[in-house]
Amino acid sequence: MILEKIETRTARAGVIGLGYVGLPLTVAIASAGFRVTGIDICSEKIARLKQSISDIPDVTNAVLAPLITSGQIQVTTDFSVLRELDTVNICVPTPLGENRTPDMRFIIAAVQQVAQYLHPEQLIILESTTYPGTTEEVVLPELNTPSSTIQVGRDFYLAYSPERIEPGNSTYFMTNTPKIIGGVTPQCTHIAKTFYAQFISKTHTVSSPRTAEMVKLLENTFRSVNIGLINEVALICDRMDLDVWEIIDAAATKPFGFMPFYPGPGLGGHCIPIDPHYLSWKAQMYQYHARFIELATEINNEMPKYVLDKIIHALNLQRKPLNGAKLLILGVAYKKDIGDIRESPALEVIRLILDKKAEFLYHDPYIKNLSLDERETYYSEPLTVDLVESVDCVVILTDHGAIDYDWLVEHAQRVVDTRNATRSVKKGQEKITKI
Ligand SMILES: NC(=O)c1ccc[n+]([C@@H]2O[C@H](COP(=O)([O-])OP(=O)(O)OC[C@H]3O[C@@H](n4cnc5c(N)ncnc54)[C@H](O)[C@@H]3O)[C@@H](O)[C@H]2O)c1
């Protein structure tokens, strides 16, 4: 029954959690012709969405508006709508709790709501990034209690399918990135695959939810460890007076067996600094200490301090102390051309320079204001000649594409470049200190 509804796109779909993952997913499902209801606990967000105002850069208001006004997408804080839904994708946060342990509160809260309205012929899919075992050890027991009359794989269907989108990536987005799917039973996998095949060009099924959960953690741990490795190589090159950027570019000419990763001021974003700890936490239950993850974390976490050393060095070349120096931070987003500061290493670099009594201003075309801990709110300064000339050093922490780096270096007294953003600058290379 549910299969037929999915294939004819008459199934009523639902998405719980309308953030970076859930909102693009809601739009993708709706664009394939399904009626979708988005559910979120944040009433302000729901009120904005009802007016077709999106907080997520990958979903423009122009794309959202016709779907909201036509009723193809409905949004609510009321979970009782789950009673009417045939499919439910759960896209709630999975942050770290104390001592970098998985914080399952959001998943449990969402699943308890699903359990309350669970009915036969309903497909439930968890998309939040999490440790292997979550779907069967945490989600399933909430849905399939000993007193349940309905059973997984027979009456309702449960699968895990990790979201793999990279915000801001305009080449690979949700619908053209293959979707990994692992159901609790073969029928669960089959139904979930049929659902995703309606709006995603390629699906790849695996043998279990645990496998699918591990796939996502492998992908993000791979990035974290390789970034840790290249940051370590950058530290070694610095001591050897070698240009790590030139070395990476040369190594990347090898057409096989090498994939370039680049050093930077530290890890940022909602995934790479967090997800590997879900794996190391679970590995401990198998008496395994995940050494690569810990080592990469240690090296990556040291990078803001290394940037501070580079700033001190750059100021030293001008016979200036850090105490009282005026610094312009260029870019506070965690990566190029996006307006996301979650876990951004810029925040740690700013804390360090403030602790050393330096003064800072910042410019970021995507981040208009910045609140740091309990301190005051800072506002992005217009990038003018006066501003650039007035500071002792410009520190590039995010290599946003809209910045004219030739112009910047021409007017700056000194530049610390943590991203190799100035690689093509023709004049003034002697003013630049790179990591
Ligand atoms: N952001 C990414 O690039 C990305 C990529 C792949 C996977 N993921 C994973 O996807 C999951 C969601 O991440 P995100 O970036 O979309 O988070 P987000 O913080 O942008 O959005 C989560 C949304 O869930 C809502 N929410 C929280 N608890 C809820 C509940 N009980 N019921 C309903 N709504 C609830 C929040 O109000 C928020 O709107 C996480 O596990 C994350 O690791 C994120």
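Since the model is a prediction, treat every value here as computed from it, not as a measurement. (Residues numbered from 1 in each chain as written. Predicted model: local features only at pLDDT ≥ 70, side-chain atom pairs only at ≥ 80, totals over all residues. Heavy atoms only, no water.)

Draft legend 1. Looking closely at a nonpolar patch on the surface. Among the surface-exposed residues, Ile236, Met240, Leu242 and Ile247 lie close enough to one another that they form a single nonpolar patch of about 360 Å² accessible area. Residue position: isoleucine 236 is located in helix α8 (residues 209-240). (Patch = residues over 30% accessible without salt bridge, like charges linked within 9 Å, V, L, I, M, F, W, Y side chains within 5 Å. Areas by Shrake-Rupley, 256 points an atom, 1.4 Å probe, with all protein chains shown as cover. Salt bridge = Lys/Arg side-chain N within 4 Å of Asp/Glu carboxyl O. Helix = DSSP H or I, 4+ residues; strand = E, 2+ residues; numbered from the N terminus.)

Draft legend 2. Inspection of helix α11 (residues 291-316) at higher detail. If you check α11, its first and last C-alpha atoms are 37 Å apart, about what 26 residues at 1.5 Å a residue would give, namely 38 Å. The largest bend along α11 measures about 35° and falls at methionine 303, with the proline proline 304 one to four residues further on. (Expected span 1.5 Å × (residues − 1). Bend = angle between axes of the 7 residues up to and from the residue.)

Draft legend 3. Structural context of the domain arrangement of the chain. Split into domains, the chain comes out as domain 1 (2-206) and domain 2 (232-434). Placing a centre on the C-alpha atoms of domain 1 and another on those of domain 2 gives a separation of 35 Å. In this assembly, 17 residues from domain 1 lie in contact with 14 residues from domain 2. Across the domain 1 to domain 2 interface the summed buried area is about 1400 Å²; carbon plus sulfur atoms make up 61%. Interface area lost by domain 1 to domain 2 is led by Tyr20, Leu96 and Arg100, which between them contribute 35%. Counting the contacts that link domain 1 with domain 2 gives three salt bridges. Where lysine 335 meets glutamate 166, a salt bridge forms, and the shortest distance between an N and an O atom there is 2.9 Å. (Domains from an automatic or database assignment. Contact = heavy atoms within 4.5 Å. Buried area = accessible area lost by both parts, 1.4 Å probe.)

Draft legend 4. Fine view of the site of the ligand. Close contacts around the ligand come from 28 residues, with Val21, Asp40, Lys45, Thr94 and Thr129 the closest. Here valine 92 contributes a backbone N or O atom positioned 3.5 Å from an oxygen atom of the ligand. In this structure, arginine 342 approaches the ligand through a side-chain N or O atom, which is 3.4 Å from an oxygen atom. Burial of the ligand by the protein amounts to 92% of the accessible area it has alone, namely 830 Å². (Near = heavy atom within 4 Å. Polar contact = N/O pair within 3.5 Å; in protein donor to acceptor, adjacent residues only side chain to side chain.)

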